[in-house]
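Topology and contacts: notes
Spelled out from the first residue to the last, the chains are:
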Amino acid sequence: MGSGPKLGLIAGNGTFPFLVLNAARTQGFDVVVAAIKEEAFPEIETKGAAAVHWLSLGELSKLIDTFKAEGVTRAVMAGQVKHKQIFSSIKPDWRLAKLLLSLGTRNTDSLLGAVAKVLADEGIILENSTALLEPLLAKAGVLTKRPPTEEERKNIEYGRAVARHLAQYDVGQTVVIAESACVAVEAMEGTDATITRAGEIMRSLEGDSTLSRALTVVKIAKPNQDMRFDVPVVGVKTIEVMGQAGASCLAVDAGRCLLLDGQEVIKAADDAGISVWAG
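Not measured: the values here are computed from a predicted model. (Residues numbered from 1 in each chain as written. Predicted model: local features only at pLDDT ≥ 70, side-chain atom pairs only at ≥ 80, totals over all residues. Heavy atoms only, no water.)

Focus: the nonpolar core
Convention followed: Working definition of a nonpolar core: buried Ala, Val, Leu, Ile, Met, Phe, Trp, Tyr and Cys residues. They are joined through side-chain atoms within 4.5 Å. Each residue's exposure class comes from its accessible area (1.4 Å probe, protein chains only) as a fraction of the maximum for that residue type: buried when under 20%, exposed when over 50%, partly exposed otherwise. Here a strand is any run of E in DSSP of at least two residues, a helix any run of H or I of at least four, and the numbering for each starts at the N terminus. The contact definition used throughout considers only heavy atoms, calling two residues in contact when any of these lie within 4.5 Å.
Residues L215, I239, M242 and L250 are the most contacted members of the largest nonpolar core, which totals 28 residues. With five residues, the top contributor of residues to this core is helix α7 (residues 236-245). Among all residues touching I239, those that are not within four sequence positions of it are L250, V265, A268, A269 and I274.

This is the structure we're talking about:
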């Protein structure tokens, strides 16, 4: 165990937890990882954490006890926990069961906000995971060699209006647009699955069309986005999925969306002829 300040990391899936862990260690933190069994990648064990504890998504009391035993008073969440998991076979402990019963709605914001409050009541403050990763937040403007075409800009404008309206209900952080028409809206399935579904819809159409079938993907932060959790992210895989689906443009919120793979995301987009814009 090192001698630096302690930071708890609640790790979901993807590489986001690895980035946070590395950034925290670089900044002198001893990182205690609470890895979610149903979500976190096993490689988290090899990334230099001071300690890694595996626990189930339903074990809120164990999470609190683990952090208290390790002397953790500050923590961050990083990595996706699939929203559909609340309908899975995972059994909540008494503390999480009580919390779930108290919720008026079971969307991401209300659930994680309630978890954050329980942690705070126990002396564990949940902080913004993006504070450690400022260089990876999308900068405003055209990020790729190719700017959006006039048609893609129209799709972006329409898609952002649709997504901002839907996002207040915790639905639609990602929408997929063609010719200023909404092809797919994200719900519980996640961004990549939404893009794939949009591609399948367009491929299912028969015959020639005078309208373009090229897709524009618009991903936004919620109107009152809580940057402690559920932060919008895109990575190289998002670009790969877009290419497979026939999407030619990606729009994100500047300063509020993480490019997980940094410049590799932009290189992949340039190689695929995909325009990326942040505004």
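Looking at the sheet that holds strand β6 (residues 141-142)
What counts is decided by this rule: Any two strands with at least two DSSP-identified bridges between them are counted as paired.
Within the open sheet, the six strands sit side by side as β6-β13-β11-β9-β7-β8. Their pairing is mixed. Strand pairing shows two members of the sheet lacking a second neighbour, β6 and β8 (181-185), which therefore form its edges. Strand direction decides the pairing type here: strand β7 (residues 174-178) and β8, joined by four bridges, are antiparallel. The partner of A178 across the bridge, within β8, is A181.

Observations concerning the sheet that holds strand β3 (residues 51-55)
Just so we agree on the cut-off: Between N-to-C directions, angles span 0 to 180 degrees; the directions come from axes that are lines fitted to C-alpha atoms, helices contributing only their stretch in contact.
Read across the sheet, five strands follow the order β3-β2-β1-β4-β5 without closing on themselves; strand pairing throughout is parallel. Pairing within the sheet leaves two strands with one partner each, and these edge strands are β3 and β5 (125-127). Put simply, the sheet's adjacent strands are angled 25° from each other on average, direction ignored. Examined bridge by bridge, strand β2 (residues 30-36) and β3 share five bridges and lie parallel to one another. If you follow A34 over to β3, its bridge partner there is H53. Contacts from helix α1 (residues 16-26) reach β1 (6-11), β2 and β4 (74-78), with the element oriented near 175° to β1.

Points about the packing of aromatic side chains
Filter applied, for reference: Here the aromatic set is Phe, Tyr and Trp, taking the six-membered ring for Trp, and pairing holds for ring centres within 6.5 Å; pairs whose planes are under 30 degrees apart are stacked, those over 60 apart are edge-to-face, and all others are tilted.
A full pass over the atoms with the stated rule returns one aromatic pair. Measuring from ring centre to ring centre gives 6.3 Å for F18 and F41, while their planes differ by 70°; the resulting arrangement is edge-to-face. Taken together, the positions of F18 in helix α1 and F41 in the loop between β2 and β3 put the pair 23 residues apart, joining distant regions of the chain. A residue is classified by how much of its surface remains accessible, and F18, at 16% relative accessible area, is buried.

A closer look at the pattern of salt bridges
Rule in force here: Within this document, salt bridges are pairs made up of a side-chain nitrogen of Lys or Arg and a carboxyl oxygen of Asp or Glu, the two lying within 4 Å of each other.
By the definition in use, this model includes twelve salt bridges. For E122, the salt bridge is made with K68, and the minimal N-O distance between the two is 2.5 Å. In this pair, E122 is assigned in the loop between α4 (108-121) and β5 and K68 in helix α2 (residues 60-70), connecting sequence segments 54 residues apart. Of the charged contacts in the structure, one is a salt bridge between R197 and E189, with a shortest N-O distance of 2.4 Å. Each of the salt bridges in this network shares a partner with another, and the network as a whole consists of K68, R95 and E122.

Notes on the side chain of E39
Under the convention used in this document: Two N or O atoms form a polar contact when they lie within 3.5 Å of each other; inside protein one atom must be a possible hydrogen donor and the other a possible acceptor, and for residues adjacent in sequence the pair counts only when both atoms belong to side chains.
Relative to the elements of secondary structure, E39 occurs in the loop between β2 and β3. There is a polar contact of 2.7 Å between the side chain of E39 and the side chain of N13.

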